[in-house]
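# Structural characterization, general
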Amino acid sequence: MSGAAIAFAILAGIVLLGAWRVVTSEQITHSALFLGLTFVGMAGLFVLLQAPTFALLHVLVYVGAVLTVVVFAIMLSDPEELRGPSPDRPLGERLRHRLLSPYYGWVPVVVAAALAVVVLLTLARAGLPAMPQGEPVADDLQAIGTEMFTRYSVPFEIASAALLAALIGAIGLTRRDAREAGARRPGARAADRERDRERQAQARVAAGEEVGR
Amino acid sequence: MPVLRADELVFILPEIILAATALLVLLADAFAGEERQPGERRDWIGYLAVAGIVAAMVAVRREPPEAGTILAGMVARDGFAAFFKAVFLIATALVALISIDYVARRRIAAGEYFCLLLLATTGALFMAGAASLLTFYVGLELLSLSSYALAGLMREDPRSQEASLKYFLNGALSSGILLFGISLLYGATGTFDLMELARRVQELAGAGTNAGPWPLLVLGAAFVIAGLGFKAGAVPFHLWLPDAYQGAPTPITAYLAVASEGAAFAAIVRVFFTAFEDAGAVWQTAFLLLAVLTMTVANVAALRQVDVKRLMAYSSIAHAGYILAAVGAGSDLSRPAVLYYVMAYVFMNIGAFAVITALQAQGEGEQLRDYAGLGRREPVLAALLVLFLVSLIGLPLTAGFMAKVMVFQALIADGNYWLPVVIALNSVVSVGYYYNLVRYMYVVPSEKEPVPDAPVQVPAPVWTVLAVCAFFTLALAFWPDVFLRWTSVSTLAMAGF
Amino acid sequence: MGAGIPLSYYLVLGTLLFSIGLWGALTRTNAIRILMCIELMLNAVNLNLVALNRYLDPGSVQGQIFGLFIIAIAAAEAAVGIGIVLMVVRRRGEVDINKIRLMRG
Amino acid sequence: MSASLPYLSLILGVPALGALITMLLPREAKQAIRVLGTVVLAVPLVLVAAVWAGYDPTVPGPQFVERYDWIPSLGAQYFLGVDGISLALVALTALVAPLAAIASWNIEHRAKEYWVLLQFLVVGIFGVFLALDYLLFYVFFELSLIPMYFLIGIWGGPRRDYAAIKFFIYTLVGSIVLIVGILALYFLTGANSFDMIELAQRAPAAVPEALKVPLFFLLLAGFAIKTPMWPVHTWLPDAHVEAPTPISVILAAVLLKMGTYGMMRITWPTLPDVARELSGVLAAFGVIAIVYGAFTALGQRDFKRLVAYSSVSQMGFVVLALAAAAGAPSAGLEPAIAASAAQAASSAAVFMMVAHGLASALLFLLVGFWYDRTHTRDFDKLGGMFRTTPVGATFLGIAAFANLGLPGFSTFIGEFFSLMGTLPVFPVAVYCALVGLVGAAMYNLTMLQRVAMGRPRPEYEGLPDVTGRELVTFVPLVAGMLVLFWYPGVLMEILNAPVTQFVAKLGGM
Amino acid sequence: MESAWLIPVFPLMAFVLTVFFGRRLGERAGWIGVAGMLAATALAAAVFRDAVASPEGYASSFPWLQIGDFELRVGFRVDNLEAALLIMVSFVSLMVHVFSLGYMHGDARYNRYFALISLFTAAMLGLVISDNALFWLLWWEIMGACSYLLIGHWFEERENQAAAYKAFITTRIGDVLMMAGFWYMFKLTGSLRFEDWQAWVQHNAGAGMDFTRAMTVAALLIFGGAVGKSAQAPLHVWLPDAMAGPTPVSALIHAATMVAAGVFLIARTYFIFEQSTTALAVVAFLGAFTAFLAATIAVVQSDIKKVLAYSTVSQLGYMVMALGVGGYTAAMFHLWTHGFFKALLFLGSGAVIHAVHTQNMHEMGGLARKLKVTAATFAIGMLALSGIWPFSGFYSKDEILLAAYHSQYPALFWAGAVTAGLTAFYMTRALILTFFGRPRDPERYEHAHEGGPELTWPLILLAIPAFAAGFLAPTLFKAPVHEFITFGEHVGGHEPESLVVLVGTLFAVGGILAGIVVYGLGWISTRTLRAALEMPYYVLREKWFFDWAYERVVLGGSMLLARVVAGIDRLVVDGLVNGVARVVVWLGDVTRRWSTGLVHTYMLTLFAGVVALALLILQVTGGLR
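Since the model is a prediction, treat every value here as computed from it, not as a measurement.

### As for the overall build of chain C
Along the backbone of chain C there are three helices and zero strands. In chain C, the order of α-helices and β-strands from amino to carboxyl end is α-α-α. At 17 Å, chain C has a C-alpha radius of gyration far larger than the 13 Å of a compact globule built from 105 residues. Taking the principal axes of the C-alpha coordinates as reference, chain C spans close to 50 × 25 × 25 Å. Relative to its 105 residues, chain C shows a buried fraction of 84%. Counted over contacts in chain C with a minimum sequence separation of 6, partners at least 24 positions apart contribute 60%.

### Notes on the interface of chain C and chain A
Opposite the 76 residues of chain C that make contact, chain A presents 89 residues. Between chain C and chain A, a total of about 7,600 Å² is buried, with carbon and sulfur atoms accounting for 75% of that surface. Taken as a group, Trp23(C), Arg54(C) and Arg90(C) account for 10% of the area that chain C buries against chain A, more than any other trio of residues on that side. For the pair chain C and chain A, the interface holds zero salt bridges. Linking chain C with chain A are 10 residue pairs in polar contact (both at pLDDT 80 or more). Listed by contribution, the elements that provide at least two residues to the side of chain C that touches chain A are helix H1 (7–27), helix H2 (31–56) and helix H3 (62–92) of chain C. Considering only residue class, the side of chain C that touches chain A consists of 49 nonpolar, 18 polar and nine charged.

### Observations regarding the pairing of strand E1 (residues 58–67) of chain E
Every other side chain in a regular strand lies on the same face of the sheet, so the side chains alternate between the two faces. Residues and elements named next belong to chain E. Of the strand pairs in this sheet, E1 and strand E2 (residues 70–78) are connected by nine bridges, and their pairing is antiparallel. Counterpart to Phe-62 in the pairing with E2 is Val-74. Once E1 ends, the chain turns through two residues before running back antiparallel as E2, passing Gly-68 with a positive phi of about 55°.

### A short note on the confidence of the model for chain E
Do not read the fine detail of predicted coordinates wherever pLDDT is low. On average, residues of chain E score 88 in pLDDT, and 98% of them reach the 70 mark or higher. With a pTM of 0.90, the predicted complex shows an ipTM of 0.88.

### Considering the pairing of strand E2 (residues 76–82) of chain D
Residues and elements named next belong to chain D. Here E2 lies mainly inside the structure; six of its seven residues are buried. When strand E1 (residues 63–71) meets E2, the two strands line up antiparallel, connected through six bridges. The partner of Ile-71 across the bridge, within E2, is Ala-76. Hairpin connection between E1 and E2: a loop of four residues separates the two successive antiparallel strands, and Gly-75 in this loop has a positive phi of roughly 80°.

### Here we look at a nonpolar patch on the surface
Taken together, the side chains of Met13(E), Val16(E), Leu17(E), Val19(E), Phe20(E) and Phe21(E) make up a nonpolar region of the molecular surface, amounting to roughly 540 Å² of accessible area. For Phe21(E), a relative accessible area of 39% translates into the label partly exposed.

### Notes on empty space enclosed by the protein
If you walk through the whole model with that rule in mind, you get 11 cavities of 30 Å³ or more. By volume, the largest cavity is sized at about 120 Å³. Lining the largest cavity are 13 residues; nearest its centre among them are Val390(B), Ile393(B), Val438(B), Tyr149(D) and Phe168(D). Within the residue set of the lining of the largest cavity, elements represented by two or more residues are helix H15 (379–393) and helix H17 (418–443) of chain B together with helix H6 (145–155) and helix H7 (160–189) of chain D. Split into classes, the residues belonging to the lining of the largest cavity amount to 13 nonpolar, no polar and no charged.

### Topic: the arrangement of the chains
Looking across the eight pairs of chains in contact, one finds the most contacts between chains A and C. Note that chain A does not reach chain D: the shortest distance linking a C-alpha of one to a C-alpha of the other is 18 Å. A gap remains between chain C and chain D, with no contact made and the closest C-alpha atoms lying 25 Å from each other.

### Quick look at the nonpolar core
Of all hydrophobic cores here, the largest spans 793 residues; its most connected members are Phe276(B), Trp268(D), Phe417(D), Trp183(E) and Leu192(E). Broken down by element, this core gets its largest block of residues, 22 residues, from helix H14 (residues 335–374) of chain D. Residues in contact with Phe276(B), not counting those within four places in the same chain, are Leu185(B), Leu197(B), Val201(B), Leu217(B), Ala221(B), Val271(B) and Trp283(B).

Thresholds applied
Residues numbered from 1 in each chain as written. Chains lettered and ligands numbered in written order. Predicted model: local features only at pLDDT ≥ 70, side-chain atom pairs only at ≥ 80, totals over all residues. Heavy atoms only, no water. Helix = DSSP H or I, 4+ residues; strand = E, 2+ residues; numbered from the N terminus. Rg over C-alpha atoms; globule rule 2.2 N^0.38 Å. Buried < 20%, exposed > 50% of the residue type's maximum accessible area, 1.4 Å probe, protein only. Contact = heavy atoms within 4.5 Å. Buried area = accessible area lost by both parts, 1.4 Å probe. Salt bridge = Lys/Arg side-chain N within 4 Å of Asp/Glu carboxyl O. Polar contact = N/O pair within 3.5 Å; in protein donor to acceptor, adjacent residues only side chain to side chain. Nonpolar A, V, L, I, M, F, W, Y, C, P; charged D, E, K, R; others polar. Pairing = 2+ DSSP bridges. pLDDT = per-residue confidence, 0-100. Patch = residues over 30% accessible without salt bridge, like charges linked within 9 Å, V, L, I, M, F, W, Y side chains within 5 Å. Areas by Shrake-Rupley, 256 points an atom, 1.4 Å probe, with all protein chains shown as cover. 1 Å grid on protein atoms, 1.4 Å probe; cavity = no way out; pocket = protein on both sides within 12 Å on 5 of 7 lines; lining within 4 Å. Points joined across faces, edges and corners; volume = space filled by probe spheres on them. Core = buried A, V, L, I, M, F, W, Y, C linked by side-chain atoms within 4.5 Å.

What follows is the structure, given as structure tokens:
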């Protein structure tokens, strides 16, 4: 068993464990951390795939940007969510919640599993070559850089536009305009909530009628 | 090492102009500073955006020298792209016009609104002109990300928030599946370039169904269909759509219905008629099935809707179904049919939404019963709405009719006689809900519902939109020939054919 | 190095990762967590792309480049997503998407 | 023979123009709108008279042809023309439309919209009878639908909402299937053209056997519902009962004919052999309609419903006759008899359409006549009108006897010759239809007695009798019925050539 | 004779004038009709003279309708028979017109009445001379309509309406069969003209089984029309009820003319009947049965008009029977004489009713002393009807019995004889109950008085032919009857047989004597008779249950059917339509519930869809194999 194999096994284990915990851990903060773990594991795999530059950028963006944003979001979202349900919930109950309830339990499991099975079966029958068909490009950083700014410059520009859009969108959605900014006094947020509860109430009335009709 | 030739940039001039206008709008808004007093309106931003769009429209090169790919094979340069660019730009211009008043009255931040609108359109344009899965994916994301935000721009309105959230979550997931599909395609063919892909597909199809990566290819195609089907709102990937449309700002609902769906179809046609042309078996059946499901479910589900926007949402799903049928036909007439339908749909749908927007801008017209007595109150407005609805049903002397005829043609040319009947019956069912509006406007005696006597204030831009839409809704039926020729020419000059 | 591992391992791993992410997205109700699951799925895609790139056309880097674009877009997506979530949270102090269902039918 | 003026386009254009002008008039100027509308709807009568005068009865094919390209890429054309069959129905329309207009003068509620829609409706109807291009035909076929919806829906009775949409959706089902059939035909024939005549010629060869029957049903459904054939007739009574009087008149007198006209113009000639195979079934449906309609009518207590069902019964004769015309060649008769049977049947079918148009128009006008005065259509509340309104009642008597097929009025010719032409082909069907004839006598006399005989209720003593305006609407119809009996040649002579051609298409000779 | 077509035109003009100017003229309008009839009668007389002069008739026609190769020529034909009928009809009609002037005096719808009888007369005259099936049908149906409207003349009363309805519908049943017969002949001959038919039939005569069968079908279908119009069983039920109309109407339409048209129809198409012994047998026996049936019922009627009505039915049966046994001449001759004396009898009864304002004979009696003219003329009519020498009825009846005697069914001869006896009996009964004995209703008897000249003169004028038409006929016709009224080469008469005469007269006299014994002298009280013959009496009172059957089958049946079908239409046929709509909407609600508003549902559906789609496509493209 070569070192590569061992490395792969470990990394795969890390990735899968991380992913698993991202989904299953009771506290969202934990999931965030496990997400980070997964990212790192992925980076390792990329290195194993002789794509160091890619691995680097991956870590950079995911851990550096995405994960941070996520954590920020968790912080900004409600504290009760931070506390989360008490960790000492008996495993059995959790399992029941995981598996027995159709909606959040076995149906999604079945769907996800089915997807996996379909893909795996297809892969199995795809008859792809097991081993690399040649040596990787010598200097991948150089290659990527050049390609990115020659052939792929148009998509690059589009992507930047996408980032811009995301930026504007995020700001547009979250920023407080003049009125609200003016209303940032202690308890204002509560008042905010009140106002929205009313709105939702009205909306629900409408929705209710809608369903009733 | 492929070289970028600057002169080729002229073919993506519209996109460039749009993006530039977007930035301009944003900066202008920023320099104008925050709205001092709540009452302040910034209509000029809207007009600025419209100006940009018009400029872009001018920049669209309608007669490309010869079909082919440019910019290192990332972008296609053909009539097909030109057609869709033109259509999307027109749609966006119309939407922008009906937005101006709405944005002001609903206190939406004009700067962000129009900036995002322009960016989204940029994405749509790139999708139409994509020659590589990469360009296509990035354009799609540009469109989507902007749309998510646009849907939520009415921050105060819980429905708008909800729409944005649902749209985002489903959208992100579906792009996940799309990407997975693309990765499988890459695995099967080792390329993202559509022309190259086409070549490989041809080889594989020639080699027979159990040739190595064929299943991988098929699976990838399936996932891509799903991803695009999501955008187009095909059943069963449609459930997000009514909520998103209902919650989003009304002009955005119109925009999503025409531009976003249109882009999806542009992409579908591009990908499947270019790359998978020789593997029709892979996708035709799927699209036919999706078409039947889509139109039937949507039409039936719309019957008992009382929220107008939600109703129109289901209607747009139904129309997606009709277009999918044309795609599934896979005959030579399919592509003209799709193009014609999208074009017709732009005018009739935006027209209908123009009326709805005009009403909802002043806070009424959300529910069906708000339309009671509109026939007396605003005869012209009501009559126009009837015209657009009739067109949406697909009755003669309206664009919708010719569009449906095109679809029927495509199917019958493919020797498919049952699906036209299904479509026909579906459009009969659709009468069941479109007529609800008409019924409330004319038949339901207004004394039953208190009719606000206040006349609906219809600002000039909306009138313009109404005029344009009405004109084209009729023109596409009375003189369809020029448009028909345009569609067929556009599809003939399609890169890879 | 790495040459010792068959391609299929990577692809299987990617598939599993994707499915786990999907499973999470389908089961958990916290919007932010769903966001994370989606990131997992995108990672799976990246793994596929890079692996396929390495094994099938080692000469080029287009797979990697596509992956990089995905990373970039993912970041953007995350930004928008967080923005939306925060907006919702701010307005109703609620990240549980099951409680957000004004519109239905 | 070419006409100096584009008469047919004028027949279409004048009402359309009138509608547009009416749109521009202020809604207060009711009187002006009425006068304009009536005049505009009367003009086609003159034009039709001119066409009739210039019509050459010896030429079988269409005359006064006008054809221009409309959608070259599809081969669709603006292609108008009349032959005897369509001319008969155009004339009927031209006669009934102004009468309906006159009968509409007492409409006060939203008069402007009413008149606009009425004129568009008439345009649509004329178009259906004039168009010789499938696409154009279809356009007009649908065009007549939308005004009808509003006319019933806005100006109708208490259940107008239900009746209007039922009419709309029900007839739409048929017509929208029709377009599929038309396009299928268009593709199968491969002639890049929607020219009815050309397609009809190519169709039998071009359509593969397997598709013939389905295609036939696609081409039949719309017309069957419009006619209405049993059992797809139930939209009719509801629509009639709710529709305002003038609209009922147009609906019964002209709109239904679009169905049977379509069968004669499109369905039968396009797929004659299918028509022949299925002629037995079609005849069965026709007979069922005759008997069933008659007895259903007898079972009604509502004046207007009764008349509505009588339409179902009467149109049954047309369907039966057309079925016989299709079936004649395969009935194993000696050719001479078969030919003249088929000719008699198909001529009688057209004749019956016109005759029924006149009779039903008169009947609906009379229903309105008493409804305006008593605000009821319930037989139990009416009665004794021979004493309170003798003139009106006399007209009712005339209408009733005409409608039950009394010789002396045109309906008799229609019924007599349609059955005469049918008997050699489908004897059993005819013997069953006899029951329907007795039934017709029963319901018409019941109607007459419940309305006109007996003692009038005290509150109806001294009702005003027929006014001048009403008389103007009644008399032409009665005159028409009498003329068409005593001098049927006036209609038959223009029918002969096209009918002979029609029969020939069906392989009758 | 060329101008014979004008004869119907006069009353037609009278009709038109009365319709348009009647209201202005008031009761003077009646004279228009009278004038019209005078002209018609005069012309008819002239035509008759020509006919007598020239044995071969006259016919002319012009093309009226052209359908493809099918041409219909219409016109008129006058032959001896037509001439005789023309004069009879127009004369009777004239009398009725005159009579009506007085009888309808002061009626609310005086004009309407005269308009209609004029129209009716026109139709009857037109029918007589029409030469093709279509115009035959025209006049035939117009008569029916007039009869309907005149029976319902006093339509305020429900029973009058009912009677009118009954009359029209019952005859209509026959009419449609007749139409079918005509169409059947068209199928065979491709023509609608009687002469073409005749030519065709005689050309194919004896062309084997199929031909005979076809002839039987045609004959029986056409016979249906005769059964309806001439009130043969089982469709006779309408005629007695038709007495609800004014009495002159009964005299004209329901005794002299229209009801005879049925018989005339058989005569007109006799060449068809000839070819089928089956058809002839059916005709003969049905006629005989009707004659006997009606006679028996007439015996127990107490309404004077009903008695006459049933006697009419009976006599018509007589004629039909005669035709059935080949007595063409006899039937037509009887038709001719019967027209005179039955009209006379009805008008007489009308005079009586006019005098005492009742139709119930048990409320009359002894009126002879008051209404001398009426009584005398009525007696003449009665004797004529009973077939006593030398009254007209004797000759025609004798001819019929003769024909029956020579036919291959002797039973018919005896049936005819018995019927003759019954006829004499009930007519005697009617005469005695009405005019002799003591007045049973003194108060009515007091006010009774003879009507004015417009009432009496018609009676007198009609009495003459009623008495003399029989033995004067040869002189009038300048030929023996059976040579004057002939059918083709086939001569309709036989040499007189003393036996037949003897039997006929015996039965007639016997009937009269029985009548006198029972009602005149009262040796046998009716009460004892009823007691003795309880069961038969009940059956007769119930009119052999034919009316009962009509109520149940035709009226009840049709109404039941109508209600059922109407119900089916509303619930099933329309219910199906609305059901479909409802199902679709229900599906809508179901599919709506699919979008629960929960993001999870959406994503779940999305991916379930993805998997399904993947599997589908793999399946389609063989990826799974």
